[in-house]
Amino acid sequence: MAIEKVAVIGAGVMGAAIAAHVANAGIPVVLLDIVPKDAENRNMLAEGAVATLLKTKPAPFMHKKNARLVTTGNLEDSLDLVADCDWICEAIIENPKLKQDLYKRLDTVRKKGSIVTSNTSTIPLKTLTEGLPADFQKDFAITHFFNPPRYMRLFELVGGVHTRKDALKDLRVFADVALGKEVIDCFDTPGFIGNRIGIYWSSVATQSAYDLGLSVEEADAVCGKPMGIPSTGIFGLGDLTGIDLGPKVIASMLVELPKSDTFVQEYDENHPMVQTVAKMIEEGYTGRKGKGGFYRMNKDGGKKTKEARNLKTGEYAKAEKPDLGSVKAARKGLRALVEYDDKGGEYAWAILSKTISYAASLVGEIADDIIAIDRAMKTGYAWKYGPFEQLDQLGNQYFIDRLAAEGLPVPAFLKKVGDRPLYKEEGRDALYMTLDGDYAAVPIADGAWTLADIKRGAEPVLSNKGASIWDLGDGVACLELHTKMNSIDQDVVTMLTEAAKIDKKGFKALVIGTDADNFSVGANVGLVLFAANAAMWPVIENQIAEGQTALMKLKYASFPVVAAPAGMALGGGCEIVLAAGAVQAHAESYMGLVEVGVGVLPGFGGCKELVTRAIVNKKRPGGAMPALSGVFEAISTAKVSTSAAEARDMLILRDGDAITMNRKRVLADAKKKALSMVEGYAAPEPVEINLPGPTAAAAFDMAVSGFVSMGRATAYDGVVSGAVARVLTGGDTDITEPVTEKKMLQLEREGFMALIHNPTTLDRIEHMLTTGKPLRN
């Protein structure tokens, strides 16, 4: 049964955000909650939740219009709204009795064959379904989202002994394709996978920091990027998720876990860290949502100062950047980190030795294999590496030898592994260690492959230091950028040029995409700054011209070119997307022409493309100025879409361009799209447009001058915006004179070169390279 309508019961933070993400998939969703005592508006909880969602940052909705897909109501008057829903997801408080009472009510109104699930984070399925009718148990499962549901990809799926296999399949497909989730099948055990390991890891990391005398800043510096953990670190993560959440989850876990479990055995309710957290909660220091947490912002004197809490005294002081040799050593890998002789190295080993051992002891109990555990921690806790991938970096034999030398127990599974890696590659196959100690192929779901799967054991069609072209099969090539952050340099431009004639090598379509977190952050401005400081002006102008030419060749190629952006596609990266004949974008694509942030303007055809799309847009208001105003605002303010859906509003995506929810499916979908375009494909016809010229540019200059006079823009912002305005309005033209693409590209080059000659632009570039932030000079 296809899932075409969903209900979410419980409009709290989690339930409301789940409803929002279902709406992001274009699926109608009902959101219900209780009627508060003496409430005048009986739907106030659900309606208030949607209103809050629309104001929340980062946004739960990928586009504000998605809120229209959410129908709100209450459990007393509106329960019949779930009658035609295919999936009913319960997300109320963690109380088994209240959940069961709700299930009994739902069972009286839901349609036959509808699926009911719980978003519980710790309660086993068998507890939730005990005593309920057999037919209900067949339709029941656990679907555990991680917060925030839009951004955290993990979706833990738990079926019971009676759950229908087809119900689990329907949930698996819907969560994967429609919601973009990494679906992990878990066994019915407390905390499932993510929280079972994550809560133990969190407890070990916080208590070890206290025991070893690390400051909050030092602990986060170690238990952060050096270990492949998000930069928040362990204490920053607590502030982000809410310090008051931890004790509640721990209490539930201690009740549900067997007494023999390592966490239960080790947990000390009298540990000073436990007492510290209890005191912080009592005083309102619950993290970012409270008065502060392990960190807080002190606004005394009107200036914000970040302060960190002393774990021993409870006092706050200005947060300092730690200077630990172990953190520097970690650049050489995890082994270098744990072997470094300082408290950071000791701390890292304390965390890794316990967390990896705990995970290894649970293989077979919480999941079938190590892949499920690694993927759960990467997509639920945003770790760069799962525990078994961390173990491969340390070396399993080193790990078990060190455990044994310190008198620590060695999990049986690791003894079986011995000195072999947990993961390895043989030819075109990626292999993992099974519970039996043998190797098996890492499964790849149909339509969910990555470029790494294509590249394994293969040679590129063409390659240089900046980019490579790979054979995706079926006559489709893929251009992959692989510079730092996929920035665009001369090597990338060279390969863009080669890709535009890939048909000469027998290919019939091209995809431009990558497995990297970001499609491309734009031009390598460090190289531009170097050339400008050396007064290599002809070189810079020639490189701009070459980039324009390469993208024009791609645009007018005789074969389909499909861009497959994901993550950031900024500046020149966005211009590559704009040049493609079609786009298959990941839903979480953040795109925009941001060049003004470093004091220049888009020079690879971005101005040309957005202006052309705005002018020829049949939906635009009458006259050129309204259309140009939207483009001018987007470019002059360096506007970036917060989703692919928003990029459509900005005309970066067009009608016919498509969005893929699951990151793993983007390239496969792009290939499919490219192949669908091959038959009968013809390059687009060149377009000429009519632009208003200097009078319109003057109007834009006047508007910017107003912002400058109000202090909302700097004088140099006015200079840069003026250069943008001249390009967008067609230079020295008038509305009766057609403007060609060639003319628009010339205007871009002229505008770029005028700005790059200005020392104020060079200051902006240097500041961006040094600080990562724009300079408002």
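Residues numbered from 1 in each chain as written. Predicted model: local features only at pLDDT ≥ 70, side-chain atom pairs only at ≥ 80, totals over all residues. Heavy atoms only, no water.

A.B. asks: Is there a simple way to explain the sheet that holds strand β9 (residues 295–298) in this structure?
C.D. replies: For sheets, the rule is that strands pair by backbone hydrogen bonds, running either parallel or antiparallel. The strand order across the open sheet built from 3 strands is β9-β10-β11, with neighbouring strands paired in antiparallel fashion. Looking at strand neighbours, the two that pair on one side only are β9 and β11 (316–318), the edges of this open sheet. Sheet twist, expressed as the average angle between the axes of neighbouring strands with direction ignored, equals 40°. Relative to β11, strand β10 (residues 305–309) runs antiparallel, the two sharing 3 bridges. (Pairing = 2+ DSSP bridges. Helix = DSSP H or I, 4+ residues; strand = E, 2+ residues; numbered from the N terminus. Axes fitted to C-alpha atoms, helices over the stretch in contact; angles between N-to-C directions.)

A.B. asks: Hey, could you run me through the nonpolar core in this one?
C.D. replies: Where a protein is soluble and globular, its nonpolar side chains tend to be buried together. Of all hydrophobic cores here, the largest spans 103 residues; its most connected members are I193, M227, F235, F294, Y347 and F388. Among residues more than four places away in sequence, those in contact with F388 are A359, A360, V363, I370, I373, D374, F413, L422 and Y423. Listed in part, the 83 residues of the second largest apolar core include A500, I502, V600 and V704. (Core = buried A, V, L, I, M, F, W, Y, C linked by side-chain atoms within 4.5 Å. Buried < 20%, exposed > 50% of the residue type's maximum accessible area, 1.4 Å probe, protein only. Contact = heavy atoms within 4.5 Å.)

A.B. asks: So what exactly am I meant to see when it comes to the pattern of salt bridges here?
C.D. replies: Close approach of charged atoms allows side chains with opposite charge to pair. Within the structure shown, the criterion is met by 44 salt bridges. A salt bridge links D453 to R456, with the shortest nitrogen-to-oxygen separation between them at 3.0 Å. Across the salt bridge formed by K501 and E498, the nearest N and O atoms sit 3.7 Å from each other. On the accessibility criterion, K501 (40% relative accessible area) is partly exposed. Ionic contacts of the salt-bridge type, sharing partners, join the residues D107, R110, D139, R164 and D166 into one network. (Salt bridge = Lys/Arg side-chain N within 4 Å of Asp/Glu carboxyl O.)

A.B. asks: Can you help me understand the packing of helix α23 (residues 537–555) against helix α24 (residues 572–579) in this one?
C.D. replies: Each packed pair of helices is defined by two parameters, the angle between the axes and the distance between the axes. In the contact formed by α23 and α24, the axes pass within 8 Å of each other and the chain directions differ by 30°. As the angle between them shows, α23 and α24 are arranged roughly parallel. Side by side, α23 and α24 meet where L551, L554 and K555 of the first sit next to E575, I576 and A579 of the second. Taken together, the residues that form the contact of α23 with α24 break down as 4 nonpolar, no polar and 2 charged. (Parallel < 35°, antiparallel > 145°, perpendicular 65-115°, else oblique. Nonpolar A, V, L, I, M, F, W, Y, C, P; charged D, E, K, R; others polar.)

A.B. asks: What is the right way to look at the side chain of K671 in this model?
C.D. replies: Within the secondary structure layout, K671 lies in helix α28 (residues 666–678). The class for K671 is buried, based on a relative accessible area of 11%. At 2.9 Å, the side chain of K671 and the backbone oxygen of L472 are in polar contact. In this structure K671 touches W449, L472, G473, D474, V476 and V511, once residues within four positions along its chain are discounted. (Polar contact = N/O pair within 3.5 Å; in protein donor to acceptor, adjacent residues only side chain to side chain.)

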